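# Structural characterization, general
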Amino acid sequence: MQSELLQTMTARYIPREDRIALDCVIHDGRELRLMFTHRLARAVVAEFARQLSDGGRGALAQDFAQFEAVSGKPDAQPVESLNAEGAWLVTHLHIQSIENVQRLIFTEDDSRGVHLDCTDAILRNLLDIFYKAFALGDWDLSVFPSWVLGDVAGNVPTSSLN
């Protein structure tokens, strides 16, 4: 299976389906929507937090690193993927270590996939995106480490991942 490179994403909570949607732009400019169930989103968040906690940093250092990553991300226009043909349910997260980055591969039953090469800063931004989407869906936030803080006043979480 070959995966496509993610470039930009915007998270939304879809109340009708009780799912998180990541509207994405991939490397060739096409848009697609990745849908996450509550169960998978919790597992993804827990794995992101585990990946970031491997450095053995204390809570204050983690808090500072999270603040720096989120406040330093470039502004991006929200992605609005409304094409139903471009939507699919993410069923698996695969992680590969490649030099100093983690390659995250989101797949649908391993039949198609998209990937993202993550530095710690990008991984922290993804954690922030999921945090805000969980808050918008009124999902339990206990899966997030204490050092993940965010503005959950309804801002649309958008990130350029470059």
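Residues numbered from 1 in each chain as written. Predicted model: local features only at pLDDT ≥ 70, side-chain atom pairs only at ≥ 80, totals over all residues. Heavy atoms only, no water.

## Comments concerning the overall build of the chain
Within the chain one finds three helices and eight strands. Seen in sequence order, the chain has helices and strands lined up from the N terminus as β-β-β-α-α-β-β-β-β-α-β. Expressed as a percentage of its 162 residues, the buried residues of the chain come to 46%. Taking the intrachain contacts of the chain between residues at least 6 apart in sequence as the baseline, contacts between residues at least 24 apart amount to 56%. (Helix = DSSP H or I, 4+ residues; strand = E, 2+ residues; numbered from the N terminus. Buried < 20%, exposed > 50% of the residue type's maximum accessible area, 1.4 Å probe, protein only. Contact = heavy atoms within 4.5 Å.)

## Quick word on the nonpolar core
Membership of the largest hydrophobic core comes to 38 residues, with the highest contact counts inside it found for Leu-22, Leu-34, Phe-36, Phe-48, Phe-130, Phe-134 and Phe-144. When contributions to this core are tallied by element, the ones reaching two or more residues are strand E1 (3–14), strand E2 (19–26), strand E3 (31–36), helix H1 (38–53), strand E6 (101–108), strand E7 (112–118) and helix H3 (120–136). Top element by residues in this core is H3. It accounts for nine residues. With near-sequence residues (within four places) excluded, Phe-134 lies in contact with Ile-20, His-38, Ala-41, Arg-42, Val-45, Trp-139, Asp-140, Leu-141, Val-143 and Phe-144. (Core = buried A, V, L, I, M, F, W, Y, C linked by side-chain atoms within 4.5 Å.)

## Describing the packing of aromatic side chains
In this description, an aromatic ring pair is defined by two values, namely the gap between the centres and the angle between the planes. For the coordinates displayed, the defined rule picks out seven aromatic pairs. Where Phe-48 meets Phe-130, the ring centres are 6.0 Å apart and the plane angle is 75°; that geometry is what we call edge-to-face. In this pair, Phe-48 is assigned in helix H1 and Phe-130 in helix H3, connecting sequence segments 82 residues apart. Residues Tyr-131 and Phe-144 carry aromatic rings whose centres are separated by 5.2 Å and whose planes lie at 85° to one another, so their mutual orientation is edge-to-face. With Tyr-131 in helix H3 and Phe-144 in the loop between H3 and strand E8 (158–160), the pair connects residues that are 13 residues apart, well separated along the chain. Relative accessible area serves as the criterion here: at 12%, Tyr-131 is assigned to the buried category. (Phe/Tyr/Trp six-rings, centres within 6.5 Å; stacked < 30°, edge-to-face > 60°.)

## Quick look at the side chain of Glu-108
Summarising the element assignment, Glu-108 is placed in strand E6. Setting aside residues no more than four positions away along its own chain, Glu-108 makes contact with Trp-88, Leu-89 and Thr-91.

## Some words on the pattern of salt bridges
Scanning the entire structure with this criterion turns up ten salt bridges. We note a salt bridge from Asp-23 to Arg-33, for which the minimum N-O separation is 2.6 Å. You can see Asp-23 sitting in strand E2 and its partner Arg-33 sitting in strand E3, a full ten residues away along the chain. On the basis of relative accessible area, Asp-23 is assigned to the buried category, the value being 0%. Residue classification places Arg-33 among the buried residues on the basis of a relative accessible area of 16%. Where Arg-30 meets Asp-28, a salt bridge forms, and the shortest distance between an N and an O atom there is 2.8 Å. Under the relative-accessibility criterion, Arg-30 is labelled partly exposed at 45%. Ionic contacts of the salt-bridge type, sharing partners, join the residues Glu-4, Asp-28 and Arg-30 into one network. (Salt bridge = Lys/Arg side-chain N within 4 Å of Asp/Glu carboxyl O.)

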